[in-house]
Each structure stands twice: as C-alpha cells, then as structure tokens.
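# Tertiary structure, described
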Amino acid sequence: MSFIDVAVVGAGIAGLSFAREIKSRGRAPVVFERARGVGGRCATRRIDEQPVDHGVAFLHGRSERFRTELEALAAEVGCSAWPHVTAGRGLPCQPEAFGEGVVRLAPAAGVSQLAKQLARQLDVRLETEITSLRAAARGAAVEGWELLLSSGDTIRAKTLALALTVPGSRRLLTAMDPLPEPVAALLPVLDLVRTLPCLTVIARFPEGVAPPTWDLSLPETSATVHTILHDSAKRTGRKRLTLVIQARPRFSRDHLAQPAESWAGTLLAEAAALHGDWLGRPELVQPHIWRQARVDAASQLAAPLFVRLRGGAALGIVGDALHPAGGIEGAYLSGLALAGRMTTQPDRTAH
Amino acid sequence: MSLSNAEIDAILAAEADHECAGFGAAQICVKIAAIADLPTRFGHFQAIAFWNNRDGKDHIAIMHGNAVGRDQVPTRVHSECLTGDALGSLRCDCRDQLEAALRGIARHECGLVLYLRQEGRGIGLLNKLRAYGLQDRGLDTVEANQALGFRDDEREYSIAAHMLHSLRVGSIELMTNNPRKIDELTRYGVRVSNRLPHIIPPNEHNRFYLETKRDKSGHLLDARGKPHLPEQGESVHVGE
C-alpha cells in the first residue's frame, strides 16, 4: 500500500481544476483516470490525424475566473471564436452559452486542449481505474480512504475528491462497506441529480462535398436529432468535412441498448431529411455512446459536497452537476469551490 | 417625509452613471433604477429598486420616511422567501420576521428593510423545495442544504452593504438578534452604531413556535411533523 495526501478520482475538467487549485494551496494531489487521456466529456479524438470533438463542442465562459482560464488557453494554443452561424431555432443544451457577454471558443486542436492545459503540472495516472473504496477506520474515527486500483494496488489518502459523473461517484460510495454515516447522508443529495444520455454519430464525408454554411444546426422540429455540429469548421489546414450529430435525450435513452448501426442510421437519415441527401452518404461513421452526457439543468446542484469525518478523513464531490453554472464552466468552478472549502473550513467535522 | 419627485429624479440621474468595482467576492455592483410609493398594511413606504450587474434579481430597499444621507437608520436585512413571505408558509419564520421588520421601521422617523432577492437559479425556490422534499423524508442535513444553495450569507451582506452605500446611509441601527450579522456588515464597510433587538409579536399562527423557541433551541416540528426553520438566521425575541 502506498500513501498519498489527496486522491482525485477522474481527470475531467472538475477533477483537474480541483487538483490544480488544491496543489496551489499547498496540498499534494494525485489524479486517477480510467481512460487513456484527460478531459472526460471534454473529449477530442483523431480520425486520420484530424481532431474531432465528439463530446463538448466548444468552450464558453461567463464568470471572470473561467474566462481568464480560456484567455490563457487561447494564448497558448490556436483558438477561434466559434460557433458563428446557427441554423434552426431549437434550444441548445446550454442556452446561456449564447447569452450576451459570453466568450465562445474552439481550440483548433480540439476542446481537450483545456484539460491538457489544466493537467500540465499535475501527477495524473492514466488508465488507472478505481474499482472500490474503503474507509480506513479506527473505531468510529475515519482517518483516510483506501482506493483499490484496477492494477490490484491499494492507495491510501487522507483526502478524497470524487470527480466522476454523479452516477459514477454514487456507485463507488454505495459499494463502500462499512459506509460511514456522514457519507451515507450525501447519497440522497446525489439522488436529486438527473443525468441525460446522448447518442452521438461522427460522420466524415467524401472530398468534393460542399460544406454546410452553418457551424451549428439546432432543428426545432426533430424528435431524434438535437444538434448537428460542423466540426471541421473549427479546424485549420488540410481537413475533411466532418459533422457530429447528437441525439435528443429521449431518443438516446430509448435506443441505448440497441446496436449502434440501427440508431446511427436513424440519426443520419434524419440529418439528411433536415439538410439534404448528401448527409445520408458519409464515407466514414463512428458512433459514440455518452451514457451521462449532461445534467438535466432543472436538477443542478449549487455547490460541491464536502464532509470531514471524525478522525481527519475528508471527502469531496465535484462535477458539472455541482455548480449552478453547469457544463464545463460549472465543472471547472465546482473544482475551485471544493478546493476553497477544503482549505478554508478545516475544522468543520460532520456529526 | 418621504422622497420628493425632485429628490427621486436627482437620485436616478446620479445613479444612472454609477459604476464601481462591486462589493464582495462576487464583485456585485447594484444601482438604483426605480423609486415608487408603496402603501402597505404595515405602513407607508417607498420601494427603491436596485438593478445589479450579475443576474436578473432586482433587490429592493423598502424605506419609511427619508433615510437617504441619514445616520443611525433603523435597518433590517431580509432575504426573500416566496413560500414564507408571500404564501404564509409555516415551515419557516420568514413572514413573521418580515412583518415585524416592516411594522418596526414604520414606528421610527425613518427606516429601511433591505429585501434581498436570493432565490435565483441554482440557489432558488426550486432547490429550496428540493431541500424541503428531503426534509419530508427525514434526510435533512447541513451538507444537503449547502449543496442546494440554501442561504448563501456572504452574498447577502455584500449586496446589503452596497445598497446602504448607494443610499448614502452614514450608519445604521441593525434590527437583529444575531451579533454575527453586525460583524459581516462591518466587514463590507457599513457603520453599525447600534443593535435593535428584533422582536416578533405573537399571533395565532406563530405563538406555538415563538414560545417554544424562546424556551428551547434547535429544530421544532409543527403539528404536521414538518421542521420549522429559522431561515432568516435569527434567534427569536418574543414581544407582546
């Protein structure tokens, strides 16, 4: 067993933002990430070297703090103001992204650049899944947390921050045995959060196909397609016309269990019906399933969860669900908020 | 004597150009955008509406007499509570606190109730009802209330301080039973010259809570088993 100061589970924007902030406040975090790269739903993949954002499509900021972060990103990597042209009058998943005074930004190398920037000075262990948690208790006092890794190793940390989706954090907590009472008391709060799935299709089109004039399509009439993103419009240099089609939550939920070919075909056919037959004839299709793509805005919580147990162990929960701003900005701010609370409220012990 | 039309026009004209770095960590800046007479069943007031640079929540100062530029103004800071203030909910003491404050300032030559509209997205009515829902199931915890944004006190004091600054109030006599509120306001540059105990007269609806609260501390349950919460952050002083 090895011992660390602060364990952060999940290298999405919330986990990275928390880790960087708590590090700047003198603590020593280690971030554990199941995937091969950082960013979580702030995700970019490469198809024949061309970046494609198949999760979050662009970054937008309203708060001073996040806008400063976006400015720092734009100073480091090539970014453009994006999107410019919207087709359709449907409601975007975050309507406030299009409000006045909001900065909207797309890095040419993909939205995951933001995660890479946050992770730069951090100890991040990739491809390391936490399979279970245990409270390191002595009598009624909980002194820390034991994290069982997929490698079979065990790590012990005094402070634990869960930066997963809410169902992911909940799953790890409920499986704890024994479950400390102050931790059990957090579960009903997590149960208030509703997440929405999003079935996604990446479609690349043959050379010679004229790109659409819009960056973003929000069809108000479609029961299946929520958004179509003109992803290649964000790229510089040689590029192939690539679109990302995102399904509506209801359609996504109804088709989660079905084979990707069936729902991907439905979404492409619907996109073709909306914007022209060429959309139904991609040369390459990659489906992606986001089981927890986003948080139902009506179930958004206002602050990260934080408990300090008798014995000194501390547990925090962050994420886009735990800040009123929601989305990437909410994830980022919830990480900052938890780091702030952990370092300024050291004496509040639960129960 | 309330503000005359000429005084109102002068204030609105001066405030139109107001711009400052804002108060508190959230750097909230407010400015007076409308003033109107407001006769109520508790006395005759003027309502002074403040625009703010952060969200669509228009905070108001309810003024009795003319407190602009005055010292030692009896002042109460009240946080909006739709269920209590408007609907008369028995789950909290907000309505009693508000009524006592309005009647209280009406007895003085001048006075202010700063009515703060806190119920916005994420820290709002919806989340309050979700917190009540948890309470109904016996799942009421401090942490749950915090995650639901139930009462964000820091924000209240910075906005209240800015409002007093805009009204050029030199010092206040704060109507509160909570000395911590004085410290918080002082932190934002408000001179608190005196504390006025906030005394609530009993009536048929609140007598049970008030008398029990006076004798005990902590949560109370009403006849339907619902917790009755001191949401305005006050201990209770009962008057006749």
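Residues numbered from 1 in each chain as written. Chains lettered and ligands numbered in written order. Predicted model: local features only at pLDDT ≥ 70, side-chain atom pairs only at ≥ 80, totals over all residues. Heavy atoms only, no water.

## As for the overall build of chain B
Selection criterion: Runs of E in the DSSP output that reach at least two residues are strands. Runs of H or I that reach at least four are helices, and both are numbered from the N terminus. Three exposure classes are used, based on accessible area relative to the maximum for each residue type with a 1.4 Å probe and protein chains only: buried under 20%, partly exposed in between, and exposed over 50%. Contacts are assigned to residue pairs with any non-hydrogen atoms lying within 4.5 Å of each other. Areas reported as accessible are Shrake-Rupley estimates using a 1.4 Å probe. Residue values count occlusion only from the protein chains shown.
Of regular secondary structure, chain B possesses eight helices and eleven strands. By residue count, 53% of the 240 residues in chain B fall in the buried class. Look at the contacts in chain B between residues 6 or more apart in sequence, and 65% of them connect residues 24 or more apart. For chain B, the computed accessible surface area is about 11100 Å², with 52% contributed by carbon and sulfur atoms.

## Considerations on the pairing of strand β11 (residues 141–149) of chain A
Residue and element names in this part refer to chain A. The criterion, for reference: At least two DSSP bridges between two strands are needed for those strands to be called paired.
Of the pairings in the sheet, the one linking strand β10 (residues 130–138) to β11 comprises eight bridges and is antiparallel in character. Each residue of the ladder has a partner; that of Ile-130, found in β11, is Leu-149. Between β10 and β11, which pair antiparallel one after the other, the connecting turn spans two residues, and Gly-139 there sits at a positive phi close to 65 degrees. Pairing geometry for β11 and strand β12 (residues 154–162), over four bridges, is antiparallel. By the bridge assignment for β12, Trp-145 is matched with Ala-157. Counting the residues that bridge the hairpin from β11 to β12 gives four residues, and of these Gly-152 lies at a positive phi of roughly 100 degrees.

## A word on the environment of Arg-341 of chain A
On the secondary structure map, Arg-341 of chain A appears in helix α9 (residues 327–344). Residues Arg-341 of chain A and Leu-305 of chain A, spaced 36 residues apart in sequence, show a C-alpha to C-alpha distance of 9.8 Å.

## Structural notes on helix α7 (residues 179–187) of chain B
Residues and elements named next belong to chain B. Our working definition: Here the arc refers to the directions that run from the helix axis out to each C-beta atom.
Along α7, the residues that are buried comprise Lys-181, Ile-182, Glu-184 and Leu-185. The arc enclosing the buried residues of α7, seen along the axis, measures out at 165 degrees, which places them on a common side. Looking at α7, the residues exposed on the side facing more than 90 degrees away from the buried face are Asp-183 and Arg-187. Just downstream of α7, Gly-189 is the residue with a positive phi angle, here 85 degrees.

## A word on unusual backbone geometry
Residues and elements named next belong to chain A. In this chain, Trp-82 is followed by Pro-83 through a cis amide linkage whose omega measures 0 degrees. Locating Pro-83 in the fold gives a position in the loop between β6 (79–81) and β7 (86–87). Between Asp-177 and the following residue, Pro-178, the backbone shows a cis peptide bond with an omega angle of 0 degrees. In this fold, Pro-178 is placed in the loop between α4 (166–174) and α5 (181–184). Look at Glu-49: it is not a glycine, yet its phi comes out positive at around 75 degrees. Relative to the helices and strands, Glu-49 resides in the loop between β3 (44–47) and β4 (50–53).

## Observations regarding the side chain of Asn-66 of chain B
Residues and elements named next belong to chain B. The cut-off we apply is this: In the analysis that follows, any N or O atom pair within 3.5 Å is treated as a polar contact, provided that within protein one partner can donate a hydrogen and the other can accept it, and provided that, for residues neighboring in sequence, both atoms belong to side chains.
Here Asn-66 shows up in the loop between β3 (59–64) and β4 (73–79). Take Asn-66: its relative accessible area is 18%, and that puts it in the buried class. At 2.9 Å, the side chain of Asn-66 forms a polar contact with the backbone nitrogen of Val-68.

## Concerning the sheet that holds β6 of chain A
Residue and element names in this part refer to chain A. The following threshold applies: Note on method: axes are straight lines fitted to C-alpha atoms, helices fitted across the in-contact stretch only, with angles between N-to-C directions ranging 0 to 180 degrees.
Pairing in this open sheet of three strands is antiparallel, and the strands run β5-β8-β6 from one edge to the other. The open sheet has two free edges, formed respectively by β5 (59–61) and β6, since each of these has just one partner strand. On average, each strand axis in the sheet is inclined to that of its neighbour by 30 degrees, with strand direction left out of account. By the bridge criterion, three bridges tie β5 to strand β8 (residues 103–107) in an arrangement that is antiparallel. Within β8, the position partnered with Leu-59 by the bridge is Leu-105. Here helix α2 (residues 64–76) sits on the sheet in contact with β5, β6 and β8, set at roughly 135 degrees to β5.

## A word on the nonpolar core
Defined as follows: Take the buried residues of types Ala, Val, Leu, Ile, Met, Phe, Trp, Tyr and Cys, join any two whose side-chain atoms come within 4.5 Å, and each joined set is a nonpolar core.
Trp-145, Leu-147 and Leu-173 of chain A are the most contacted members of the largest nonpolar core, which has 42 residues in total. One finds Val-56, Leu-105, Leu-118 and Tyr-332 of chain A within the second-largest nonpolar core, a separate group that totals 37 residues.

## Remarks on the interface of chain B and chain A
To keep things clear, this is the line we draw: Summed over both partners, the accessible area (1.4 Å probe) lost when two parts come together is defined as the buried area. Note on definitions: salt bridges are taken to be side-chain nitrogens of Lys or Arg within 4 Å of carboxyl oxygens of Asp or Glu. When residue character is reported, Ala, Val, Leu, Ile, Met, Phe, Trp, Tyr, Cys and Pro are called nonpolar, Asp, Glu, Lys and Arg charged, and the others, Gly included, polar.
Each side of the interface is counted separately: chain B has 16 residues, and chain A has 21 residues. Both sides together, the interface formed by chain B and chain A hides about 1400 Å², and carbon and sulfur atoms give 55% of it. Residue Arg-341 of chain A pairs with Glu-143 of chain B through a salt bridge whose shortest N-O separation is 3.3 Å. Here the element with the most residues in the side of chain B that touches chain A is helix α5 (residues 142–147) of chain B; it accounts for five residues. The residue makeup of the side of chain B that touches chain A, split by class, is eight nonpolar, five polar and three charged.

## Points about the sheet that holds strand β16 (residues 242–247) of chain A
Residues and elements named next belong to chain A. Judged by pairing direction, the sheet is mixed, and its six strands sit side by side in the order β7-β14-β15-β16-β13-β17 without closing on themselves. Strands at the two margins of the open sheet, each flanked by one partner only, are β7 and β17 (284–295). Strand direction decides the pairing type here: strand β15 (residues 225–229) and β16, joined by four bridges, are antiparallel. Opposite Val-225, over in β16, you have Ala-247 as the bridge partner.

## Some remarks on the pattern of salt bridges
All chains considered together, the criterion is met by 27 salt bridges over all chains. Where Glu-146 of chain A meets Arg-156 of chain A, a salt bridge forms, and the shortest distance between an N and an O atom there is 4.0 Å. A residue pair is termed long-range when its members are at least 10 positions apart, and Glu-146 of chain A in strand β11 and Arg-156 of chain A in strand β12 qualify at ten residues. In this structure, Asp-136 of chain B and Arg-91 of chain B form a salt bridge, with 3.0 Å as the shortest nitrogen-oxygen distance. Placement of the pair is Asp-136 of chain B in helix α4 (residues 125–136) and Arg-91 of chain B in the loop between α2 (82–86) and α3 (94–106), with a sequence separation of 45 residues.

## Remarks on the side chain of Ser-112 of chain A
Structurally, Ser-112 of chain A is set in helix α3 (residues 112–119). In contact with Ser-112 of chain A, not counting residues within four places along its chain, are Cys-42 and Thr-44 of chain A.

## Notes on the pairing of strand β1 (residues 30–40) of chain B
Residues and elements named next belong to chain B. Bridge count between β1 and strand β2 (residues 43–52): ten bridges; the pairing is antiparallel. Bridge pairing in β2 links Ala-36 to Ala-47. Between the end of β1 and the start of β2, which pair antiparallel, lie two residues.

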